[in-house]
Amino acid sequence: MAQLEDNIAKLEDYLKRFRDGGVLNHINGKSQASSSGATFDNHSPVDGKLICAVARGTADDVDAAAKAAKAAFPAWRDMPGTERKKILHRIADGIVARAEEIAFAECYDTGQALRFMSKAAIRGAENFRYFGDLAPSARDGKQLPSATLMNVTTRLPIGPVGIITPWNTPFMLSTWKIAPALAAGCTVVHKPAEFSPVTARILLEIAEEAGLPPGVWNLVNGFGEEAGKALTEHRDIKAIAFVGESQTGSMIMRQGAATLKRVHFELGGKNPVVVFDDADLDRALDAAIFMIYSLNGERCTSSSRLLIQDSIADKFLERMVARVNNIRVGHPLDPDTEIGPLIHKEHFDKVCSYFDLAKSEGATIAAGGEAIAGDGYFVRPTLFANATNDMRIAQEEIFGPVLTAITFDSEEQALALANDTQYGLTGYVWTNNIARAMRFTEKLEAGMIWVNSENVRHLPTPFGGVKASGIGRDGGDWSFEFYMEQKHIGFATGAHKIPQLGA
Ligand code: NAD
């Protein structure tokens, strides 16, 4: 309790300047209000209290930001990769130096628990270091000689890009998208989620203090249908990297069609964790619980469908219920808290609506299934049992601490159930039968699969989904494939015969 009080006192110090001055846009190196002067209020999901006012960016603000990014592009593109690398490392240093401020602000702005957010800044810094190290070789190409030509390839940054991020783990996700764009030599206009704008602002300040030239990274706050839409439609913005809901992804594709935007989408999921009776059930239990109840279940890669073999289902679910009922829900800044409040009233209402739906669809509520009274948007961690895969609770992304358990009897049935969803982001498979693991992962429709493991991110590996879960991959060189254009140049090595027309 004393620790929580200390943390709240520190939080107040960190937030004071936002409470006084609001969260402003930042265009061409200058902090500024929206061109219309309009703001919107940002409330905390912890207690519903006002945190600060936020600039409500307009199409004019987006236009100014895109023009600044366009003007800054040639110099940033032409800066040697070794120099960009130094700046990205200084940004990483700045993030580490302000790790506590970032973590505390993120907790109060999003409702995420400190036990997870205390690592958000460190992970964000790693993203800048990792992609910074790749900056000097980002343009490297191939030599592909033919009989008459020396063919070479090189890569060039695509130009100014728009980056649109969601409210779940907004700090980490912003670094994850912006670091490779800068490393590639692109300039950026960032539109963070309206529900959680604070840490994106801190991140931008760190970047400019680290020596990032004005205009290379611009920040426009505001609503998706205003600032976000204008960004996706802007002629000077060459590509949109978007993380958010699948439906929003479709909208962005339509909005960007007229200007032929390149898009990269990281979208929703309804990811299966498949537990066979030959698995290490203790570890499977830990991982299944972690992957749905950490980060308040507001996690695209969460294992929100438990597919459990019927021979072990009763015992496994009984143990799970005991653990789920024991999860500590509380103030995000309390170091003991495991689940904090959901981001917003709107989202809280959506998650709660599934409690009644589960009953009406004929599933049982084995744990939780109710909100916690008070000012914040807290719900009890919830487990639906006796569900079938055709129920809405098994098909729709609930995006809260809510797990739907479904039983299966054979490997074939497990695979059919796992793939029977519009999504395909991640899958988790628990078995000690290596041949089964290989067969199963080969046929499982997902962009990322872990066998006998929770999701452990390794930056060089490809991150992304199939089906309605996304288009494109992040991580390692895949990020550069999105932010850069390939160029081929053929040099004649001699006087080869050129067809002569009209000769
Ligand atoms: P959202 O789609 O509602 O909003 C995301 C962002 O898009 C926000 O900044 C919003 O303002 C903006 N936006 C909304 N409408 C827009 C429009 N018409 N044009 C341009 N921008 C627009 O998503 P959310 O509710 O903030 O985030 C949760 C979703 O994100 C979940 O579906 C989750 O699975 C997904 N997500 C996916 C990944 C992944 O890597 N696959 C990671 C994190 C979150």
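From a predicted model like this one, the values you see are computed outputs, not experimental measurements.

### A look at the sheet that holds strand E15 (residues 402–408)
(1) Moving on: Strand order in the open sheet made by the seven strands is E13-E14-E15-E12-E11-E16-E17, with mixed pairing throughout. At either end of the open sheet lies a strand with only one pairing partner, and these are strand E13 (364–367) and strand E17 (448–451). Direction aside, neighbouring strands of the sheet carry axes that sit 25° apart on average.
(2) Moving on: Two elements, E13 and strand E14 (residues 382–385), share three bridges in a ladder whose sense is antiparallel. In the sheet register, alanine 367 faces E14, and the bridge partner there is leucine 383.

### Brief notes about the domain arrangement of the chain
(1) Moving on: For the chain, the domain assignment lists domain 1 (2–267 + 469–487) and domain 2 (272–451).
(2) Moving on: Taken together, the contact between domain 1 and domain 2 spans 28 residues of the former and 32 residues of the latter.
(3) Moving on: Buried surface at the junction of domain 1 and domain 2, summed over both partners, amounts to about 2500 Å²; 65% is from carbon and sulfur atoms.
(4) Moving on: Remark: the boundary between domain 1 and domain 2 carries zero salt bridges.
(5) Moving on: Along the contact surface separating domain 1 from domain 2 lie eleven residue pairs in polar contact (both at pLDDT 80 or more).
(6) Moving on: Secondary structure elements with two or more residues in the side of domain 1 that touches domain 2: helix H1 (2–21), helix H4 (99–110) and helix H5 (114–117).
(7) Moving on: In the side of domain 1 that touches domain 2, the residues fall into 14 nonpolar, ten polar and four charged.

### Observations concerning the pairing of strand E7 (residues 188–191)
(1) Moving on: Going residue by residue along E7, you find Val188 and His190 tucked away on one face and Val189 and Lys191 tucked away on the opposite face as well.
(2) Moving on: Examined bridge by bridge, strand E6 (residues 161–164) and E7 share four bridges and lie parallel to one another. Its bridge partner lying in E7, valine 161 is registered against valine 188.
(3) Moving on: In this fold, the crossover linking E6 to E7 by way of helix H7 (residues 170–184) has right-handed handedness.
(4) Moving on: Sheet topology note: the E7/strand E8 (residues 217–219) ladder contains three bridges and is parallel. Looking across to E8, one finds that valine 188 is bridged to tryptophan 217.
(5) Moving on: Handedness of the crossover joining E7 and E8 through helix H8 (residues 198–209) is recorded here as right-handed.

### A short note on helix H3 (residues 81–97)
(1) Moving on: For H3, built from 17 residues, the straight-helix expectation of 24 Å at 1.5 Å per residue is met to within 8% by its first-to-last C-alpha distance of 24 Å.
(2) Moving on: Residues of H3 that are buried: Gly81, Arg84, Ile87, Leu88, Ile91, Ala92, Gly94 and Ile95. The buried residues of H3 occupy one face: seen down the axis, they fall within an arc of 160°.
(3) Moving on: In the core, the buried residues of H3 are packed alongside helix H2 (59–78), H4, helix H6 (120–134), H7 and H8.

Parameters and conventions
Here, residues in each chain are numbered from 1, in the same order as that chain's written sequence. Local features are withheld for residues below a pLDDT of 70 in this predicted model, meaning they are given only at 70 or higher, and side-chain atom pairs are given and counted only at 80 or more; totals for whole chains, interfaces and linings count all residues. Note that water and hydrogens are dropped before the side-chain values are worked out from all heavy atoms of the structure. Pairing between strands is defined by DSSP: at least two bridges between them are needed. Only DSSP runs of H or I reaching four residues or more are called helices, and only runs of E reaching two or more are called strands; each is numbered from the N terminus. Only the stretch in contact is used when fitting a helix axis, every axis being a line fitted to C-alpha atoms; angles between N-to-C directions are given from 0 to 180 degrees. For the purposes of this description, domain bounds are those given by an automatic or database domain assignment. Note on definitions: a residue-residue contact is assigned when non-hydrogen atoms from the two residues lie within 4.5 Å. Two parts placed together each lose some accessible area; with a 1.4 Å probe, that loss summed over both constitutes the buried area. Criterion for a salt bridge: a side-chain nitrogen of Lys or Arg within 4 Å of a carboxyl oxygen of Asp or Glu. Here a polar contact is taken to be a pair of N or O atoms separated by no more than 3.5 Å, where protein atoms must pair a possible hydrogen donor with a possible acceptor and residues adjacent in sequence count only if both atoms sit in side chains. Under the scheme applied, nonpolar residues are Ala, Val, Leu, Ile, Met, Phe, Trp, Tyr, Cys and Pro; charged residues are Asp, Glu, Lys and Arg; polar residues are all the others, including Gly. Relative accessibility thresholds used throughout: buried, under 20% of the residue-type maximum; exposed, over 50%; partly exposed, between the two (1.4 Å probe, protein chains only). Handedness is read with the strands pointing away from the viewer; a crossover is right-handed when the path from the first strand over the helix to the second is clockwise. What a helix should span is 1.5 Å times the count of its residues minus one. Throughout, the arc means the angular range of directions from the helix axis out to the C-beta atoms.

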